[in-house]
Amino acid sequence: MNHSIPIVSALDDIYADNLLQHGARYQALTEAFIKVYGAMPDFIARAPGRVNIIGEHIDYCGFPVFPMAIVPDCLIAVRAVGGSSVKLSNVNAKFPTRQFDYQPGSIAEIDESTHDWVNYFKCGYKGALEAISDTASPVGMQCLMDGSVPISVGLSSSSAFVCCAVMATMRANDRLLSQERVVETSVASERYIGTNGGGMDQTTSIMSQSQSAAFIEFSPMLRVTPVRFPSTTPPIAFVIANTMVESDKAVTAPTNYNLRVVETRIGALMLAKHLNILGHSACANADPLTFKTVMDEFFASSYPSDCDSPVLKWTKRLAVMLEQAGAFFTTHPQGFTLGDCAGYLGISASDLAGLVHTDRYPIQADRFKLLQRAQHAFSEALRVVKFRQVCESGDTSDKCFV
């Protein structure tokens, strides 16, 4: 079932409180747009940031996560105009105005070597027009952005920006697709900036519901289940603390984020071979192969009559995979070299690099921490499933929250 992107005309359809404050911000954005472009915007696109409650670094392993959207967001006021030129300004003078033209072949040129804020918009613009490929001549766009998500602090300001750009471009061209398609497009779009993400940030920004966290499953298909926290006295509250330490995901990707992704991809290939399922079609045809796919195929082959409840099934399977991965990868507690991994798989190092796409997402590492990545992925997925069970049980005793 596909869900439509909501189009609202009242702020109380978006925000639960502080409506006067939000109203003043939207009014200021509209007035600034008029000052910059001499006309009213046609609409304002919005995408919120997110905080991940539990489920760190496992979305790209195919496992479920448990985030929630937050009030800070990205707003882009847009006016469709003639021609095919796009002009993007920002209410924050730190970000200079940029302008680019639609390119019939590439849509938009994105220079990954230059860390320019317009690249995130170009990613969304390019991805959106690819998704609505029947739009031969896109409209020109005048855009003004106002972002309240702190940058480079782990609240997904970049993903919110890309999601907002995708929706803004689609709406300007009268082709706003379903939430699921916008998520899919946003995930693919952000990879143009060199970030090999898994989809949690974009799904949370696009598909979250008010007053609920989101239990997000990625495999075998994208599914979002709203989950409310148990009623307690006093009510449960989450404090988001800004350490003021910035880490730009796109800049540090080769040694941090993208490296972790590659380590899980290599780990999945090697674990599948260890379990004698790498040649099965589900694993052989997967691109990329994830720990979740390996787990599903292993149990489909070894335990075809598994009929436990969903939570018990998750618990049993993840416990077995933790044991299997620990026993296999513990032979190299300090990590595997690329040669170690390629040798075990019986392929060349260059072929392995192609399988895990380091040609598109370069990394920097002498050794791969496959034991640590596998243990984290399976154990963190187990915590996510158990935490959802606690929330839905309504049990507010201390033992559930310790």
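Please read these numbers as outputs of a predicted model, since none were measured by experiment. (Residues numbered from 1 in each chain as written. Predicted model: local features only at pLDDT ≥ 70, side-chain atom pairs only at ≥ 80, totals over all residues. Heavy atoms only, no water.)

## Let's talk about the packing of aromatic side chains
Logical step 1: Following the criterion strictly, the structure yields 20 aromatic pairs and no others.
Logical step 2: A centroid spacing of 6.5 Å and a plane angle of 20° characterise the contact between F121 and Y125, whose relative ring orientation is stacked. Of this pair, F121 and Y125 are both found in helix α2 (residues 118–131), four residues apart, which corresponds to roughly one turn of the helix. Exposure class is identical for F121 and Y125. Each is buried.
Logical step 3: Plain terms: the ring middles of F329 and F336 are 6.1 Å apart, the flat faces sit at 90° to each other, and that makes the pair edge-to-face.
Logical step 4: Residue class for F329 comes out buried when judged on its relative accessible area of 0%.
Logical step 5: Grouping aromatic residues by their ring pairs yields a cluster made of F63, F291, W314 and F378.
Logical step 6: Taking NZ or CZ as reference, R171 lies 5.5 Å from the ring centre of F43, over its face.
Logical step 7: The positively charged end of R388 is found above the aromatic ring belonging to F215, 4.4 Å away from the centroid. (Phe/Tyr/Trp six-rings, centres within 6.5 Å; stacked < 30°, edge-to-face > 60°. Helix = DSSP H or I, 4+ residues; strand = E, 2+ residues; numbered from the N terminus. Buried < 20%, exposed > 50% of the residue type's maximum accessible area, 1.4 Å probe, protein only. Lys NZ or Arg CZ within 6 Å of the ring centre and 35° of its normal.)

## Some remarks on the pairing of strand β7 (residues 223–227)
Logical step 1: In the sheet, strand β6 (residues 213–217) pairs with β7 via five bridges, with the strands oriented antiparallel. Residue pairing in the sheet places E217 in a bridge with R223 of β7.
Logical step 2: Here β6 folds back onto β7 in antiparallel fashion, the turn holding five residues. (Pairing = 2+ DSSP bridges.)

## Description of the sheet that holds strand β2 (residues 66–81)
Strand pairing in a sheet relies on backbone hydrogen bonds. The paired strands run either parallel or antiparallel.
Logical step 1: Taken in spatial order, the five strands make up an open sheet running β1-β2-β5-β3-β4, and their pairing is mixed. Single-partner strands in this sheet number two, and they are β1 (43–54) and β4 (98–101). Taken over all neighbouring pairs, the strand axes of this sheet differ in orientation by 20° on average, direction set aside.
Logical step 2: Pairing of β2 with strand β5 (residues 140–147), which is carried by eight bridges, proceeds in the antiparallel orientation. The residue bridging V81 from the neighbouring strand is G140, located in β5.
Logical step 3: Docked against the sheet, helix α1 (residues 19–37) engages β1, β2, β3 (85–90) and β5, running at close to 140° with respect to β5. (Axes fitted to C-alpha atoms, helices over the stretch in contact; angles between N-to-C directions. Contact = heavy atoms within 4.5 Å.)

## A closer look at the layout of surface pockets
Logical step 1: The computed volume of the second largest pocket comes to approximately 1,000 Å³.
Logical step 2: Lining the second largest pocket we find 45 residues, and of these I151, S152, S157, S158 and K249 sit closest to its centre.
Logical step 3: Secondary structure elements with two or more residues in the lining of the second largest pocket: β1, β2, β5, α3 (157–172), α5 (200–207) and α6 (249–252).
Logical step 4: Looking at which element gives the most residues to the lining of the second largest pocket, the answer is α3, with four residues.
Logical step 5: Per-class residue counts for the lining of the second largest pocket are 17 nonpolar, 16 polar and 12 charged. (1 Å grid on protein atoms, 1.4 Å probe; cavity = no way out; pocket = protein on both sides within 12 Å on 5 of 7 lines; lining within 4 Å. Points joined across faces, edges and corners; volume = space filled by probe spheres on them. Nonpolar A, V, L, I, M, F, W, Y, C, P; charged D, E, K, R; others polar.)

## With respect to the state of the cysteines
Logical step 1: Summed over the entire model, instances satisfying the criterion amount to zero disulfides.
Logical step 2: The thiol of C61 is not disulfide-bonded; the next cysteine sulfur, from C283, is found 14 Å away.
Logical step 3: By relative accessible area, which is 1% here, C61 ends up buried.
Logical step 4: With no disulfide of its own, C163 has C164 as its nearest cysteine by sulfur position, at a separation of 8.5 Å.
Logical step 5: The exposure class of C163 is buried, given its relative accessible area of 0%. (Disulfide = S-S within 2.5 Å.)

## Considering the nonpolar core
Logical step 1: The biggest cluster of nonpolar side chains holds 62 residues, and the ones touching the most others in it are F63, L271 and F329.
Logical step 2: If you list the elements that add at least two residues to this core, you get β1, β2, β6, α7 (257–274), α9 (291–302), α10 (310–329), α11 (338–345) and α13 (370–393).
Logical step 3: A per-element tally of this core places α13 first, with 11 residues.
Logical step 4: Those residues in contact with L271 that lie beyond four places of it in its chain are F291, V294, M321, A325, F328, F329 and F378.
Logical step 5: By size, the runner-up hydrophobic cluster in this structure holds 45 residues, among which are L129, I132, A160 and V166. (Core = buried A, V, L, I, M, F, W, Y, C linked by side-chain atoms within 4.5 Å.)

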